[in-house]
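# Structure assessment
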Amino acid sequence: MTAAAFGTRDNPSRWARRLPEAALATLGVIVAGYLASYQLGIVHAVWDPLFGSASSASVVESPLSRSLPVPDAALGTLAYLVEAALALTGRADRWISQSWLVVVFGLVVAGLGVTAIGLVLIQAFVVHAWCSLCLTSAVISLVMSASAFPEVRAAVGVLAARRARSFGPLRSWCRGAPTPRWRRRRRRRRLRRRRRRSRDPRWTRSRTDAATETDAGTKRMRATTRGRAPRAAVERRQRANRARDTT
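This structure is a prediction, so every number in the text was calculated from the model and none was measured.

### So, the packing of aromatic side chains
The full count for this structure, using the stated rule, is 1 aromatic pair. It is Arg18 that lies over the ring of Trp15; its NZ or CZ is 3.9 Å from the centre. When the ring centre of Phe105 is taken as reference, the NZ or CZ atom of Arg94 above it lies at 5.3 Å.

### Quick look at the packing of helix H1 (residues 15-39) against helix H3 (residues 72-87)
Viewed as axis vectors pointing N to C, H1 and H3 meet at an angle of 160°, and their least axial separation amounts to 8 Å. Put simply, H1 runs roughly antiparallel to H3. The element H1 and its partner H3 pack so that their crossing is left-handed. Of H3, the residues touching H1 (which contributes Trp15, Arg18, Ala22, Ala25, Thr26, Gly28, Val29, Ala32, Gly33, Leu35, Ala36 and Gln39) are Asp72, Ala73, Ala74, Gly76, Thr77, Tyr80, Leu81, Glu83, Ala84 and Ala87. Residue classes in the contact of H1 with H3 are distributed as 13 nonpolar, 6 polar and 3 charged.

### Describing the confidence of the model for the chain
The share of residues in the chain with pLDDT of 70 or more is 74%, and the mean pLDDT across the chain is 80. Every residue in residues 172-179 is under pLDDT 50, and counting partners more than four places away or in other chains gives 15 contacts.

### Details of the environment of Trp47
Take Trp47: it is sitting in the loop between H1 and helix H2 (53-60). Residues Trp47 and Tyr34 lie 13 residues apart in sequence; the distance between their C-alpha atoms is 9.4 Å.

### Side note on H3
Its 16 residues place the ends of H3 22 Å apart at the C-alpha level, agreeing with the 22 Å of an ideal helix rising 1.5 Å per residue. Turning to H3, its buried residues number three or more, namely Ala73, Gly76, Thr77, Tyr80, Glu83, Ala84, Leu86 and Ala87.

### Points about a nonpolar patch on the surface
On the surface, Leu64, Ile117, Leu121, Phe125, Val126 and Leu142 cluster together into a nonpolar patch covering about 590 Å² of accessible area. Among the elements that make up the nonpolar patch, the one with the highest residue count is helix H5 (residues 99-127) (4 residues). Turning to its location among the elements, Leu64 is positioned in the loop between H2 and H3.

Thresholds applied
Residues numbered from 1 in each chain as written. Predicted model: local features only at pLDDT ≥ 70, side-chain atom pairs only at ≥ 80, totals over all residues. Heavy atoms only, no water. Phe/Tyr/Trp six-rings, centres within 6.5 Å; stacked < 30°, edge-to-face > 60°. Lys NZ or Arg CZ within 6 Å of the ring centre and 35° of its normal. Axes fitted to C-alpha atoms, helices over the stretch in contact; angles between N-to-C directions. Helix = DSSP H or I, 4+ residues; strand = E, 2+ residues; numbered from the N terminus. Parallel < 35°, antiparallel > 145°, perpendicular 65-115°, else oblique. Left-handed = near helix turned anticlockwise from the far one by under 90°. Contact = heavy atoms within 4.5 Å. Nonpolar A, V, L, I, M, F, W, Y, C, P; charged D, E, K, R; others polar. pLDDT = per-residue confidence, 0-100. Expected span 1.5 Å × (residues − 1). Buried < 20%, exposed > 50% of the residue type's maximum accessible area, 1.4 Å probe, protein only. Patch = residues over 30% accessible without salt bridge, like charges linked within 9 Å, V, L, I, M, F, W, Y side chains within 5 Å. Areas by Shrake-Rupley, 256 points an atom, 1.4 Å probe, with all protein chains shown as cover. Salt bridge = Lys/Arg side-chain N within 4 Å of Asp/Glu carboxyl O.

So this is what it looks like as structure tokens:
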């Protein structure tokens, strides 16, 4: 599988792309954590060089921000932490080998991006006030969404290709992308299993036994079992037929 086949020219999971994403997520943790500390009463004023502390306080203390059981900035801090952890998790080819991890990362990034757009609209049309740090967090989420889109699109393409080849999601997650080497190993296992069975005397019938057998009952039994009857069963049937003939 090549990256060009899934809409991107280079490796979408390379560290040169993921390390800046992790740095942006860490910056989001700092911004959201500062706003959460104000909502929890640890900090007594919000620093805002553009719109002033009063405007930021009206946004952070709005009824919508307090509608949840926990401060919304605390949830944003947790989401940014998960985002940073997922950005640093996995190998440099995780869009192929760990596609479902990339999909989960994309869901978290998309959730933060949609939340950022909603918060900007709330500031403009509901609260009628602005918060510099809130806008900074929204910009971070939108930039992360744009940066993670190529990797998520490539991972979804890989999963769709596996699904078309009848590989279930759980199997593709556990085994990774199907490769010709893996297929060859499966064929070799099947071939070894057949060879072991062919050498097992219980499952074989030699040509000498087939030529020397004259008993009609034994031949009929072998014809019905198509040569797969165990040798011990054949010998028991032969002894029973000889005993019947002598009597």
